[in-house]
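Overview (structure and organization)
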Amino acid sequence: MDIIHDIPTLRPHIKKARQAGRTIGLVPTMGFLHEGHLSLLRRARAENDLTILSIFVNPLQFGASEDYEKYPRDLDSDAKMAASAGCDLIFAPPVREMYPTKSYTTFVDVKRLTTGLCGASRPDHFRGVTTVVAKLFNIVTPNRSYFGQKDAQQVQVLIRMVNDLNMDLEIIVLPIVREADGLAMSSRNTYLSPGERQAAPILYRSLQAAEEKIKNGERDAVKIRELIFNILSSEPLADIDYIAVVDAEELCDVQEIRNRTLIALAVRFGKTRLIDNLMVEA
Ligand code: AMP
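Summary of the structure given here. (Residues numbered from 1 in each chain as written. Predicted model: local features only at pLDDT ≥ 70, side-chain atom pairs only at ≥ 80, totals over all residues. Heavy atoms only, no water.)

As a further point, take the layout of surface pockets. A volume near 200 Å³ is recorded for the second largest pocket. Looking at the lining of the second largest pocket residue by residue, the classes come out as 10 nonpolar, 2 polar and 3 charged. (1 Å grid on protein atoms, 1.4 Å probe; cavity = no way out; pocket = protein on both sides within 12 Å on 5 of 7 lines; lining within 4 Å. Points joined across faces, edges and corners; volume = space filled by probe spheres on them. Nonpolar A, V, L, I, M, F, W, Y, C, P; charged D, E, K, R; others polar.)

This is the structure:
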């Protein structure tokens, strides 16, 4: 497995694959891999001739007071895990390779879908995500790129970007991979204190309770939000950022749960902000 840090070295690998008619699958990540990332890699491996993992902690998607500096990084361990999942090549550029000068001026900005949910408390986050992912798509020219439903808003924003800008690739979305107690896997889970870690599965439990209620016929979004709010509020360590019941594609609030509805939440445990979600097909 090759590990490449710069674009000029990567380009001949891409060109060679393209000339041989090989398909390319890209899995964009910020590294510190876990089973969630590996599920994307395995799927990319199964569906493409060349599987590329990108590892880049993208400063553009972190707010000034967020965890860019302390975000966990471990390229050696990532490389071992990626190789075991069938990855052919890791592209791990330094910041100067992606944003070479202080005068960097080009951004991709998806409107409307990025203002609510996580966008409300992280105003420039999605502009950072769409900009870096658009750059990665231009650098790697994948046939398919793989993303986790864990970041449900990100997925919708990226699908919209690809459609709006006529990008010639397929976005594949894979289910949330969870720990045994239901906590969605995340590189940020390592920030949790033992007490916070023990409390964190309440996110998934609140979503499961909502799912059960909807299965039993509840369609009122306000009642579902209330149910989740009451469960999360019973945990003293949980500080709710948002609970949203939205249309799965437009990400706008709905009153009634019907068709495809996304129930998404963000909750702080100390300084750590965790997200989770549930897709409902009512
Ligand atoms: P990140 O490194 O956190 O930026 O995540 C890279 C990719 O892995 C994104 O598409 C995430 O949605 C996906 N991902 C992260 N955690 C999970 C998980 N628990 N299950 C499935 N996919 C995940």
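Around the ligand sit 17 residues, and of these Met 30, His 37, Asp 151, Val 177 and Met 185 come closest. Residue His 37 places a side-chain N or O atom 2.9 Å away from an oxygen atom belonging to the ligand. Take Met 185: an N or O atom from its main chain is 2.9 Å from a nitrogen atom of the ligand. If the ligand stood free it would expose 480 Å²; the protein chains cover 92% of that surface. Sorting the residues of the shell around the ligand by element identifies β2 (24-29), α2 (35-47) and β5 (144-148) as the ones contributing at least two each. Ranked by residue count, the leading element in the shell around the ligand is α2, at 3 residues. Looking at side-chain class alone, the shell around the ligand contains 9 nonpolar, 6 polar and 2 charged residues. (Near = heavy atom within 4 Å. Polar contact = N/O pair within 3.5 Å; in protein donor to acceptor, adjacent residues only side chain to side chain. Areas by Shrake-Rupley, 256 points an atom, 1.4 Å probe, with all protein chains shown as cover. Helix = DSSP H or I, 4+ residues; strand = E, 2+ residues; numbered from the N terminus.)

Let us now look at the pattern of salt bridges. Across all of its chains, the model carries 16 salt bridges by this definition. A salt bridge links Arg 42 to Glu 35; the nearest nitrogen and oxygen atoms lie 3.2 Å apart. We note a salt bridge from Arg 43 to Glu 47, for which the minimum N-O separation is 2.6 Å. Pair noted here: Arg 43 and Glu 47 are both in helix α2, with a separation of 4 residues, about one helical turn. Within the structure, one salt-bridge network assembled from shared partners comprises Arg 112, Arg 160 and Glu 250. (Salt bridge = Lys/Arg side-chain N within 4 Å of Asp/Glu carboxyl O.)

The next point concerns the environment of Leu 251. Structurally, the position occupied by Leu 251 is in the loop between β7 (238-247) and β8 (260-269). The class for Leu 251 is buried, based on a relative accessible area of 9%. Expressed as a C-alpha distance, the spacing of Leu 251 and Gln 156, which sit 95 residues apart in the sequence, is 8.3 Å. In this view, Leu 251 contacts Leu 113, Leu 117, Gln 153, Gln 156, Val 246 and Leu 262; residues no more than four positions away in its chain are not counted. (Buried < 20%, exposed > 50% of the residue type's maximum accessible area, 1.4 Å probe, protein only. Contact = heavy atoms within 4.5 Å.)

Interaxial distance between helix α6 (residues 125-140) and helix α7 (residues 152-164) falls to 10 Å at its minimum, and their mutual angle equals 50°. As far as their axial angle goes, α7 and α6 are oblique. Where α6 crosses over α7, the handedness of that crossing is right-handed. Contacts between α6 and α7 involve Phe 126, Val 129, Thr 130, Val 133, Ala 134 and Phe 137 on the former and, on the latter, Gln 153, Gln 154, Val 157, Leu 158, Met 161 and Val 162. The class makeup of the residues in the contact of α6 with α7 is 9 nonpolar, 3 polar and no charged. (Axes fitted to C-alpha atoms, helices over the stretch in contact; angles between N-to-C directions. Parallel < 35°, antiparallel > 145°, perpendicular 65-115°, else oblique. Left-handed = near helix turned anticlockwise from the far one by under 90°.)

Moving on, we come to the sheet that holds strand β6 (residues 170-174). Strand order in the open sheet formed by 6 strands is β1-β4-β3-β2-β5-β6, and the pairing between neighbours is parallel. Each end of this open sheet is capped by a strand with a single partner; those strands are β1 (2-4) and β6. Adjacent strand axes in the sheet meet at a mean angle of 25° when their direction is disregarded. Bridging between β5 and β6 involves 5 bridges; their strand directions are parallel. For Gly 148, the partnering residue across the bridge sits in β6 and is Leu 174. Packing against the sheet, α6 makes contact with β2, β3 (50-55), β4 (89-91), β5 and β6, and its axis sits at approximately 150° to β2. (Pairing = 2+ DSSP bridges.)

Attention now goes to the packing of helix α1 (residues 7-19) against α6. With their axes 9 Å apart at the nearest point, α1 and α6 run at an angle of 55° to one another. Between α1 and α6, the interaxial angle falls into the category oblique. Contacts between α1 and α6 involve Ile 7, Leu 10, Arg 11 and Ile 14 from the former and Asn 138, Ile 139 and Val 140 from the latter. Split by residue class, the contact of α1 with α6 holds 5 nonpolar, 1 polar and 1 charged.

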